[in-house]
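Remarks on the overall topology
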Amino acid sequence: MNALQGKHIVLGICGGIAAYKSVTLLRLLIKAGAEVQVVITPAGKEFITPVTLSALSHKPVVSEFFTANTGEWHSHVDLGLWADCMVIAPATASTIGKMAHGIADNMLVTTYLSAKSPVFVAPAMDLDMMRHPSTQANLALLASYGNHIIEPASGYLASGLEGKGRMEEPENIVSHLESYFSRTCDLSGKKVLITAGPTYEKIDPVRFIGNYSSGKMGYALAEECASRGAEVTLVSGPVSVKATHPGINTVPVESAREMLAESEKVFSHSDIAIMCAAVADYAPANPSDHKIKREHQDVPVITLVKNPDIAATLGAEKRDNQRLVGFALETDNEAVNAAEKLRKKNLDMIVLNSMRDKGAGFGVDTNKVAIFKADGDCVDVPLKSKSEVAVDIVNEIVKSL
Ligand code: CTP
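Read on for a plain summary of the structure.

Reading guide: rules and limits
Here the residue index of a chain counts from 1 through its sequence in written order. With the structure being a predicted model, the display of local features is reserved for residues of pLDDT at least 70 and the display and counting of side-chain atom pairs for 80 or more, all residues being used for whole-chain, interface and lining totals. Note: side-chain values were computed over all heavy atoms of the structure, leaving out hydrogens and water. Strands here are runs of E lasting at least two residues and helices are runs of H or I lasting at least four, both read from the DSSP assignment and numbered beginning at the N terminus. Partly exposed describes any residue whose relative accessible area lies between the buried limit of under 20% and the exposed limit of over 50%, with all areas from a 1.4 Å probe on protein chains only and scaled to the type maximum. In what follows, a contact means two residues having at least one pair of non-hydrogen atoms within 4.5 Å. Any Lys or Arg side-chain nitrogen located within 4 Å of an Asp or Glu carboxyl oxygen qualifies as a salt bridge. Strand pairing is assigned whenever DSSP detects at least two bridges linking the two strands. Each axis is a line fitted through C-alpha atoms, and for a helix only the stretch in contact is used; angles between axes span 0 to 180 degrees, taken between their N-to-C directions.

Quick word on the overall build of the chain
Helix and strand counts for the chain come out as 13 helices and 19 strands. When the backbone C-alpha atoms are referred to their principal axes, the chain occupies close to 80 × 55 × 45 Å. The proportion of buried residues among the 401 residues of the chain is 48%. Within the chain, contacts between residues at least 6 apart in sequence are counted, and of these 67% link residues at least 24 apart.

Here it is in structure tokens:
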């Protein structure tokens, strides 16, 4: 069966030349068995008529907050709840900006703000508008809210220029949606434990030993597992990112010991555990209850003790029907070290990040990894956004179930 069969899709159309392609997109979605409600911005109507769109979708096109002559109010809240997904194609720079900053002055943006479903954004604009820092920042904001950006293609633009800004072809947008929906349920009923972020090991009430981990990779994995139907427990060290999916239960912790305690509470009834946290290997042996003062005669010496290895502890308890995935962040001798950790910690898979790869590792929004499996197989994942890398990692986990 087609993954889009019976799906409720809100198709948002903005005012751009690429709006003519929305007609093809609408036809393809209907042909794939979806029920489509078109929402168009006032500028969108300058490019394509509601008559064409309503004839093809078999539904009146929504554009205004209410019908002027009857006073009938159009509920963006109901539309947002009805949708299994919202696709904004073409998304103009202006609408992308409004979505990023919550400027709800038309039906499309209010529907977007009310949508509980995944949202796909297919930008289309001139290449200079596309690469302008404000457009890029707004797209990054939308991605950080969990929206899916369908990158524009490069080619001939309506302006006569050539470059990146052409809306992705309707067939490819449909493929994006199909692959999204076909994998949405493959983890339903599964319980997933994820550790993420750094741990903070207390020195005194104002200082700690920590690391640069932002938590972004672990949070992207949590969002991916939850969007595929899993019930996720995210045991997270201190980070500034937030989980958005309702299927994620975030358990905040500070130290490695707290992270181990919370992970042990859920591991025995988890199907999958992904150890993405950058756990501090050592903690101060005797954290001070009072701030250590500078006026000390001697430079203080902090004695460290070894922290528990959470992945190895869970690895020792693992049952045959559970999958345990680790990460390895290495600066040298990467593959050998990763393989050694896989074996020692009794993992089924280890995701290797090399600090030598540009765009990979702590803090950045992208990652480049290699996935080593216990059976000796290895999958290379090229540089991509952390959410896209999360899709590839979860695909490999699903294959191993
Ligand atoms: N890990 C863990 N608990 C620890 C240390 C690491 O659960 N105390 C997990 C990490 O979440 C990761 C894997 O083990 O999935 C490897 O972490 P890494 O820091 O790369 O390796 P270490 O075992 O700490 O070894 P080293 O720091 O010497 O490279």
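Read on, since the account is not over.
Structural notes on the pattern of salt bridges
A side chain with one charge can pair with a side chain of the opposite charge if their charged atoms come near. In the structure shown here, the tally under the stated rule is 19 salt bridges. In this structure, Lys164 and Glu151 form a salt bridge, with 2.9 Å as the shortest nitrogen-oxygen distance. With Lys164 in strand S7 (residues 162-166) and Glu151 in the loop between strand S5 (148-149) and strand S6 (153-156), this pair connects stretches of sequence that are 13 residues apart. Overall, Glu151 belongs to the partly exposed group, its relative accessible area being 42%. Among the salt bridges present, the one from Glu340 reaches Arg343, with a minimum N-O distance of 3.0 Å.

A few points about the sheet that holds strand S4 (residues 119-123)
Taken in spatial order, the five strands of this open sheet run S2-S1-S3-S4-S5, and their pairing is parallel. Across the chains shown, the open sheet's two edge strands, defined by having one partner strand only, are strand S2 (35-40) and S5. Summarising the sheet, strand S1 (residues 8-13) and S2 pair through six bridges and their orientation is parallel. Of the residues in S2, the one forming a bridge with Gly12 is Val39. Set on the sheet, helix H1 (residues 19-31) makes contact with S1, S2 and strand S3 (85-91); between it and S1 the angle comes to about 175°. Its contacts with the sheet place helix H5 (residues 107-114) against S1, S2, S3 and S4, and it is angled at close to 145° to S3.

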